[in-house]
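Chain by chain, the residues run as shown.
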Amino acid sequence: MRPVTCEECGTGVLVEKRSLPHTSVQWTGPTDRCPQLAGGGARIEGCTRLRASIEREVREGRLTVAHDD
Amino acid sequence: MSAPSTTEHQVRTIEAGSPPERFARGWHCLGLAESFKDGAPHEIEAFGTKLVVFQAQDTGRLHVLDAYCPHMGGNLARGTVKGDTVVCPFHGWLWKGDGRCAGIPYAHRVPPRARTRAWTTLEENKQLFVWYDPEGAPPPEGVTIPRIEGAFSDEWSDWTWHSLRIDGSHCREIVDNVVDMAHFFYVHNSFPTYFKNVFEGHIATQYQATAPRGDMTAAETVSAQGDTRSVASYHGPSYMVVYLDMDVDGTTVETAMINCHYPVSADSFVLMYGALVKKLPGMTDEMAAESAAMAAQGLAAGFEQDIEIWKNKTRIDNPLLCDQDGPVYQLRRWYEQFYVDVADVRPEMTDRFEFEIDTERAVKVWQAEVDANLARRARAARGEA
Ligand code: FES
Ligand SMILES: [Fe+2]
């Protein structure tokens, strides 16, 4: 897994992409800095800002997609 | 030809492991509250022992005590309810909901230490819950059962409710389903097109969308007729709330379902499920009840399919996964928090984790299978081979 920092709230998470549609995100601390997730827990599907940050990492080549063929 | 090297051709060996001896810490649903409010004590075999559930006549509250009377071991569930006590059938000792002995009819006084275990209970969603913690601590702040609005609304049906006992399997088998996308196609004749899991704290959620299975009838799968979207969350180790929307004939049918269980022993558990359906405009109570019964039937069929698998499978601690499987190991890491002492819960068991499966290939392959089934059926209908 590779570290990715959220452009919005600055939280660092670990991300793995086995293919473009796949995403795995491991948080290593609380979500309380994220305006979309704080307090919502697993009942919120994800943070759109963090997702955008991950997509940007992929686009700009800093996050490699494992089986990109 | 040279002999195959052992490293290149090493065979994967299943580690079956053994189920944990202890039971999961958390709230466990015992059934619909109403079913315990008939004036009689009820026996529940759970957590390696027996419990008695009874309703105090004065307060109307439900109480759960150890079933075995600490006097000489009589079974309180075979006794009677008197006022706010349950009376032991063996020697007539009276026990209150808080575990205190309220009286011994033939004795001058009650021994000061006459106290039995009273379990912490909760009534929510018209269901009864007990708190289980082998360390004896009360439920922590925030670890609770979420309210389901439909359970209290006239716009929704009443609960359907079913329960069945599974012997020979640990309840981890059913929890594994949370991440198991592919089994929904192969076991439940469903067609997942979107699948994501999120675990955080004591909650584990599955977000799923399914496409209709044109090659299946409504009797074969819940998702035969229309697209579905669902959010299913385990709140703790055993109580899953499923919100499922299904598109049928241009309208959306909203259902709320419960999939829950409590352990009986290390390798048996009682599985319970129920459904609520939101009434569509113009729907009578009878129609809503019928609709909920149909949803429950779908659930029942699904569990039958799971049970058939469980009865014939082995326990496996080291599943061999492919990239398009869900996060089984991370789910089990989350699940482990309920089986260790609170002091041993590690951050990685509760830190947020998200996993979205790449369904591209699955959708392509499964659509081809559905199409082939339909083509075969059409040929058969035309009388071709
Ligand atoms: S994690 Fe930064 S906005 Fe959500
Ligand atoms: Fe299943």
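J.: Quick rundown of the pattern of salt bridges? Include the residues and the values.
T.: Oppositely charged side chains may form a pair once their charged atoms are brought near each other. This structure, assessed with the given rule, holds 31 salt bridges over all chains. In this structure, the salt-bridge partner of A:Arg56 is A:Glu7, at a minimum N-O distance of 3.2 Å. Taken as a pair, A:Arg56 in helix α1 (residues 48-59) and A:Glu7 in the loop between β1 (2-5) and β2 (12-16) lie far apart in primary sequence, 49 residues in all. The exposure class of A:Arg56 is partly exposed, given its relative accessible area of 36%. Among the residues examined, A:Glu7 registers a relative accessible area of 39% and is labelled partly exposed. Across the pair B:Arg346 and B:Glu348 runs a salt bridge whose closest N-O atoms are separated by 2.9 Å. Relative accessible area serves as the criterion here: at 36%, B:Arg346 is assigned to the partly exposed category. Residue classification places B:Glu348 among the partly exposed residues on the basis of a relative accessible area of 32%. Through salt bridges with shared partners, a single network forms among A:Glu7, A:Glu8, A:Arg49, A:Arg56, A:Glu57, A:Glu60 and A:Arg62.

J.: Any chance you could break down the coordination of the iron ion (ligand 2) for me, citing the residues and the numbers?
T.: Six octahedral donors around a metal ideally make angles of 90 or 180 degrees; four tetrahedral donors ideally make 109.5 degrees. All names here are of chain B. At the metal site, the iron ion (ligand 2) is ligated by Asn177 (ND2), His183 (NE2), His188 (NE2), Asp306 (OD) and Asp306 (OD), and these contacts range over 2.0 to 2.6 Å. If you list the donors of the iron ion (ligand 2) from N- to C-terminus, the spacing comes out as N-x5-H-x4-H-x117-D. You can see Asn177 sitting in the loop between α1 (172-176) and α2 (181-186) and its partner Asp306 sitting in helix α3 (residues 285-312), a full 129 residues away along the chain. Across the pair, exposure class does not vary: Asn177 and Asp306 are buried alike.

J.: So what about the sheet that holds strand β9 (residues 118-119) of chain B? Which residues, and what values?
T.: Judged by pairing direction, the sheet is antiparallel, and its 4 strands sit side by side in the order β2-β3-β4-β9 (chain B) without closing on themselves. Unpaired on one side and paired on the other, β2 (42-46) and β9 of chain B mark the two borders of the sheet.

J.: Help me get a handle on the pairing of β2(A), residues and values and all.
T.: On a regular strand, one side chain projects to one face of the sheet and the next to the other, so that they alternate. All names here are of chain A. On β2, burial follows the alternation: Val13 and Val15 on one face are buried, whereas Gly12, Leu14 and Glu16 on the facing-out side are not. Sheet topology places β1 next to β2; 4 bridges connect them, and they run antiparallel. Bridge pairing in β2 links Thr5 to Gly12. With antiparallel pairing between neighbouring strands as the criterion, β1 and β2 make up a hairpin whose turn holds 6 residues, including Gly10 at a positive phi of roughly 80 degrees.

J.: Explain the interface of chain A and chain B to me, and be specific about the residues and the numbers.
T.: Counting residues at the interface gives 21 residues for chain A, matched by 24 residues for chain B. Interface of chain A and chain B: buried area, both sides summed, is about 2000 Å²; carbon and sulfur atoms make up 42% of it. Sorting the residues of chain A by area buried against chain B places A:Ala42, A:Arg43 and A:Glu45 first, and these three jointly supply 32% of that buried surface. Between the two partners, chain A and chain B, sit 18 residue pairs in polar contact (both at pLDDT 80 or more). Considering each element in turn, the side of chain A that touches chain B owes the most residues, 5 residues, to strand β3 (residues 23-27) of chain A.

J.: How would you explain the domain arrangement of chain B if you had to name every residue and give the values?
T.: All names here are of chain B. Domain boundaries assigned for chain B yield domain 1 (26-132) and domain 2 (154-371). Spacing between the C-alpha centres of domain 1 and domain 2 amounts to 33 Å. Counting from both sides, the interface comprises 16 residues of domain 1 and, opposite them, 13 residues of domain 2. Carbon and sulfur atoms make up 60% of the area that domain 1 and domain 2 hide from each other, which totals about 1200 Å². It is Cys29, Leu32 and Glu45 in domain 1 that bury the most area against domain 2; as a group they hold 36% of the surface buried on that side. At the junction of domain 1 with domain 2, the criterion picks out 1 salt bridge.

J.: Now, about helix α6 (residues 360-381) of chain B: what can you tell me, with residues and values included?
T.: Residues and elements named next belong to chain B. The terminal C-alpha atoms of α6 lie 32 Å apart, and with 22 residues this matches the ideal 32 Å at 1.5 Å per residue to within 8%. Of the residues making up α6, those classed as buried are Ala362, Trp366, Val370 and Asn373. Axial view of α6: buried residues confined to an arc of 60 degrees, hence all on one face. α6 presents Glu360, Arg361 and Lys364 as exposed residues on the side facing more than 90 degrees away from its buried surface. For α6, the secondary structure elements touched by its buried residues are α2 and β13 (192-200).

J.: Please provide a residue-by-residue account of the sheet that holds strand β1 (residues 26-32) of chain B, values included.
T.: Residue and element names in this part refer to chain B. If you walk across this open sheet you meet the 3 strands as β1-β11-β10, and the pairing is antiparallel. What marks the edges here is a single partner per strand, and that holds for β1 and β10 (121-124). Taking the axes of each pair of neighbouring strands and ignoring which way they run, one obtains an average angle of 30 degrees across the sheet.

J.: Could you give an account of the nonpolar core, with specific residues and numbers?
T.: All names here are of chain B. Core analysis: the biggest nonpolar cluster contains 50 residues, and Ile174, Tyr234, Leu331 and Trp334 have the highest contact counts within it. Of the residues forming this core, the biggest block, 8 residues, is contributed by α3. Ignoring any residue separated from it by four or fewer positions in sequence, one finds Trp334 in contact with Val175, Phe199, Gly201, His202, Ile203, Ala204, Tyr234, Gly236 and Met349. Formed by 36 residues, the second largest nonpolar core is a distinct cluster that contains Phe23, Phe36, Trp119 and Leu128.

J.: Describe the side chain of B:Arg352, and please don't skip the residues or the numbers.
T.: Secondary-structure assignment places B:Arg352 in the loop between α5 (347-350) and β19 (353-356). At 2.8 Å, the side chain of B:Arg352 and the backbone oxygen of A:Ile44 are in polar contact.

Rules behind the numbers
- Residues numbered from 1 in each chain as written.
- Chains lettered and ligands numbered in written order.
- Predicted model: local features only at pLDDT ≥ 70, side-chain atom pairs only at ≥ 80, totals over all residues.
- Heavy atoms only, no water.
- Salt bridge = Lys/Arg side-chain N within 4 Å of Asp/Glu carboxyl O.
- Helix = DSSP H or I, 4+ residues; strand = E, 2+ residues; numbered from the N terminus.
- Buried < 20%, exposed > 50% of the residue type's maximum accessible area, 1.4 Å probe, protein only.
- Donors = N, O, S within 2.8 Å, 3.2 Å for Na, K, Ca; no water.
- Pairing = 2+ DSSP bridges.
- Contact = heavy atoms within 4.5 Å.
- Buried area = accessible area lost by both parts, 1.4 Å probe.
- Polar contact = N/O pair within 3.5 Å; in protein donor to acceptor, adjacent residues only side chain to side chain.
- Domains from an automatic or database assignment.
- Expected span 1.5 Å × (residues − 1).
- Arc of directions from axis to C-beta.
- Axes fitted to C-alpha atoms, helices over the stretch in contact; angles between N-to-C directions.
- Core = buried A, V, L, I, M, F, W, Y, C linked by side-chain atoms within 4.5 Å.

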